[in-house]
Amino acid sequence: MKFLHINRRTHLYLGLGLLPWFLMYGISSIPFAHGAYFEARDKASGLPLWTMRVDRPYAIDIPAEGELRAVGARILKDLGIEGSFGVSRQGPDQVNVWVYSFLHATQVKYFVEQRRVTVEDRRFRFDHFLTGMHARGGFEQESILTKAWGVVVDLVVVAMLLWVVSGLIMWWKLPGRRLAGWLALAAGATAWALFMRLL
Amino acid sequence: MLSSLLRQIHLYLALFMAPWVLMYAFSTLVMNHRDHFRQWYGGPPPAPVFERETPFEAALPEGANPREAGAQILAALDMEGAFNATQRRTDKAIVINRLDPITPRRITYVPGSGKLSIEKTPWDMRAYLERMHRRRGYQHDAPAEDAWAFSVDFFIAAVLLWAVSGLWMWWELRKTRRWGWVVLALGFALFGLFTVTI
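Structure report, in brief.

What counts, and where the lines are drawn
Residues numbered from 1 in each chain as written. Chains lettered and ligands numbered in written order. Predicted model: local features only at pLDDT ≥ 70, side-chain atom pairs only at ≥ 80, totals over all residues. Heavy atoms only, no water. Axes fitted to C-alpha atoms, helices over the stretch in contact; angles between N-to-C directions. Helix = DSSP H or I, 4+ residues; strand = E, 2+ residues; numbered from the N terminus. Parallel < 35°, antiparallel > 145°, perpendicular 65-115°, else oblique. Left-handed = near helix turned anticlockwise from the far one by under 90°. Contact = heavy atoms within 4.5 Å. Buried < 20%, exposed > 50% of the residue type's maximum accessible area, 1.4 Å probe, protein only. Polar contact = N/O pair within 3.5 Å; in protein donor to acceptor, adjacent residues only side chain to side chain. Pairing = 2+ DSSP bridges.

Turning next to the packing of helix 1 (residues 3-17) of chain A against helix 6 (residues 144-172) of chain A. Residues and elements named next belong to chain A. Contact geometry of helix 1 with helix 6 gives a least axis separation of 10 Å together with a crossing angle of 140°. It follows from the interaxial angle that helix 1 and helix 6 lie oblique. Along this stretch, helix 1 crosses helix 6, giving a crossing that reads as left-handed. Along its contact with helix 1, which presents Phe3, Leu4, Asn7, Arg8, Thr10, His11, Leu14 and Gly15, the element helix 6 presents Ala159, Leu162, Trp163, Ser166, Gly167, Ile169 and Met170.

Listed below in structure tokens is the structure:
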């Protein structure tokens with residue numbers, strides 16, 4: 001099997017295998033790029049985004065500064081909530097724990113002074129589903145499947161680089177397309193350089 | 001005819017958009033491995049550092065909001081472009097973040113002080129890539145910024161066109177259909193599994 005043949009097949013099968021990710025990243029970029037439109041559209045529906053599930057007394061010691069992940073894990077355990085999560089400090093008196101999956105999101109708020117905790121569930125929104133998938137990545141979560149998603153994100157990156165390289169090779173093997181190809185490459189690079197100068 | 005047209009669109013669009021493809025690929029790598037890059041660089045991206053102070057005597061309009069004040073200050077500095085501006089509660093200072101892609105700057109003006117303090121963010125490749133990845137939208141009053149937002153929309157259209165034209169070209173290669181179906185099905189099955197489990 002010749003190199004050029006392998007090159008073409010790599011380009012093709014990577015495209016087919018990663019098509020769902022390719023489509024997801026493409027389509028989900030629309031609500032990212034036009035967020036105001038989607039927010040206004042949802043606001044017009046008049047439906048509340050969050051629904052309160054729990055509002056009760058609760059107490060846990062919060063360190064004055066530093067990492068809060070262990071505290072977040074403890075709060076979730078005490079409330080019987082599982083899933084990927086992130087923790088953030090909302091000032092000295094409030095800690096938020098954000099629990100999310102592709103299909104569902106929950107926000108836990110712990111109010112330090114009041115010793116009170118609330119749990120709210122977010123209504124499913126297709127644009128949030130898409131942007132949530134788009135933004136998902138990294139390896140800080142404990143779940144194996146979540147780490148596997150991070151690996152696939154890396155695979156998408158490798159595929160993008162391979163598409164560029166294998167595409168350039170395929171283009172170079174079409175002598176009749178070289179001039180127009182150089183023009184397209186030069187136009188793209190010039191447009192990029194102009195943006196870096198003018199933005 | 002259609003086949004030839006789709007092939008050419010697929011090719012030339014990719015050659016033109018190559019800088020965007022490379023930026024989105026490398027920036028995704030940076031964001032997917034934030035902790036690794038932090039260790040590799042020895043810390044998070046650098047914070048802005050003091051660059052210079054410059055006199056600023058112009059009076060801001062009565063009741064000007066931070067955005068209006070920011071626009072006037074940036075015009076005086078010849079630094080027009082995308083920015084955001086806030087007013088600090090403690091001393092009422094106007095803090096402007098000029099969102100330059102290469103060298104972002106922070107300009108602080110304390111009313112009555114007669115001067116502007118300018119800080120610049122030192123170059124950091126991962127920060128640059130992430131800034132470009134997140135740059136989008138038509139919310140800034142700057143033609144270049146609208147043009148960039150259009151390029152992002154154009155990239156989205158290109159992604160969808162690559163998918164459609166790629167499927168078309170695959171279907172024309174009869175020999176690859178069977179393995180193509182297998183790979184396509186595996187991809188969708190894995191994607192479906194992730195969607196319902198994580």
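Continuing now.
Turning our eyes to something else, we now look at the side chain of A:Ser28. Residue and element names in this part refer to chain A. Among the secondary structure elements, serine 28 is positioned in helix 2 (residues 19-33). For serine 28, a relative accessible area of 0% puts it in the buried group. Within the structure, the side chain of serine 28 is placed 2.7 Å from the side chain of histidine 134, a separation counted as a polar contact. Ignoring anything within four residues of it in the chain, the contact list for serine 28 reads Leu130, Thr131 and His134.

All names here are of chain A. Ordered by their spatial adjacency, 5 strands build an open sheet running 1-5-4-3-2, and the pairing between neighbours is antiparallel. Edge positions in the sheet fall to strand 1 (50-57) and strand 2 (84-89), since each has one partner strand and no second. On average, each strand axis in the sheet is tilted by 15° relative to the strand beside it, whichever way the strands run. Of the strands in this sheet, strand 1, strand 2, strand 3 (94-100), strand 4 (105-111) and strand 5 (116-122) touch helix 4 (residues 69-79), which is tilted by about 120° from strand 2.

Mapped onto the elements of the fold, A:Tyr13 is located in helix 1. Sequence-distant contacts of A:Tyr13, that is, excluding residues within four places in its chain, are made with B:Thr176, B:Trp179, B:Gly180 and B:Val183.

Bringing the sheet that holds strand 1 (residues 49-55) of chain B into the picture now. What holds strands together in a sheet is hydrogen bonding between their backbones, with the strands either parallel or antiparallel. Residue and element names in this part refer to chain B. In spatial order, the strands read 1-5-4-3-2; together these 5 strands make up an open sheet with antiparallel pairing. The sheet is open, and its two borders are formed by strand 1 and strand 2 (83-87), each paired with just one other strand. Going across the sheet, the axis of each strand differs from the next one's by a mean of 20°, ignoring polarity. Bridge count between strand 3 (residues 94-98) and strand 4 (residues 105-109): 5 bridges; the pairing is antiparallel. Residue pairing in the sheet places asparagine 97 in a bridge with arginine 106 of strand 4. Across the sheet, helix 3 (residues 66-76) lies against strand 2, strand 3, strand 4 and strand 5 (115-120), angled at about 125° from strand 2, the strand it touches most.

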